[in-house]
Amino acid sequence: QLQASGGGLVQAGGSLRLSCAAPGRTFSIYGMGWFRQAPGKEREFVAGINWSGGTTYYADSVKGRFTISRDNAKNTMYLQMNSLKPEDTAVYYCAANPSAIYSYAQYTYWGQGTLVTVSS
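Residues numbered from 1 in each chain as written. Predicted model: local features only at pLDDT ≥ 70, side-chain atom pairs only at ≥ 80, totals over all residues. Heavy atoms only, no water.

**Some thoughts on the state of the cysteines**
All told, the structure shown has one disulfide when counted by the stated rule. Through a disulfide, Cys-20 is tied to Cys-94; the S-S separation comes to 2.2 Å. Where Cys-20 bonds to Cys-94 through sulfur, the torsion about that S-S bond is close to 70 degrees, and the disulfide is right-handed. Here the residue Cys-20 occupies a position in strand S3 (residues 16-21), and Cys-94 occupies one in strand S9 (residues 90-98), the gap between them amounting to 74 residues. Taking the relative accessible area as the measure of exposure, Cys-20 reaches 1% and is therefore buried. (Disulfide = S-S within 2.5 Å. Helix = DSSP H or I, 4+ residues; strand = E, 2+ residues; numbered from the N terminus. Buried < 20%, exposed > 50% of the residue type's maximum accessible area, 1.4 Å probe, protein only.)

**A closer look at the pattern of salt bridges**
This model, assessed by the stated rule, comprises four salt bridges. Arg-36 serves as the salt-bridge partner of Asp-88, at 2.9 Å between the closest nitrogen and oxygen. Of this pair, Asp-88 sits in the loop between strand S8 (76-81) and S9 while Arg-36 is found in strand S4 (residues 32-37), placing the two residues 52 residues apart along the sequence. Of the charged contacts, one joins Arg-65 and Asp-88 as a salt bridge, the two residues approaching to 2.8 Å between their closest N and O atoms. One end of the pair, Arg-65, is in the loop between strand S6 (56-58) and strand S7 (66-71); the other, Asp-88, is in the loop between S8 and S9, and 23 residues separate them in sequence. Here the residues in one salt-bridge network are Arg-36, Glu-44, Arg-65 and Asp-88, joined through shared partners. (Salt bridge = Lys/Arg side-chain N within 4 Å of Asp/Glu carboxyl O.)

Here is the structure:
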C-alpha cells in the first residue's frame, strides 16, 4: 500500500530525498515513519511524523541531518537526508499507522523499501 522511492548511490556528504506515496488510499489520518535496515542488522527507527506534520521524531544518529515531512494533499511523505555518511547505507522503509512511533513492530502498513548507498 505504500511506495518508497528516491534511493540511490551518493558520496559521503551528499544528499538524497526519499518519497513515500500511498496511491489509492488516504494516509493523512495516520502517523508515519521511516525505518532502515543495514545488512546483518536489525531494522531501526529513523524518523516519525504525526498525522498533521506538526510533530516529528528523530533517531539521535540522524538528528540535525535528516528532515521528515509530509504533504497530505499529495498523500506523500518525504525524508530529506543531508550530510550523508557511509553508516547511513541501508534499505529504507516507510510505514504508517503506528500504535508506537518508535517501534517497527507497531506499524500496520509498509512500503517495499528503497536502497541508499553512501560511498566514502
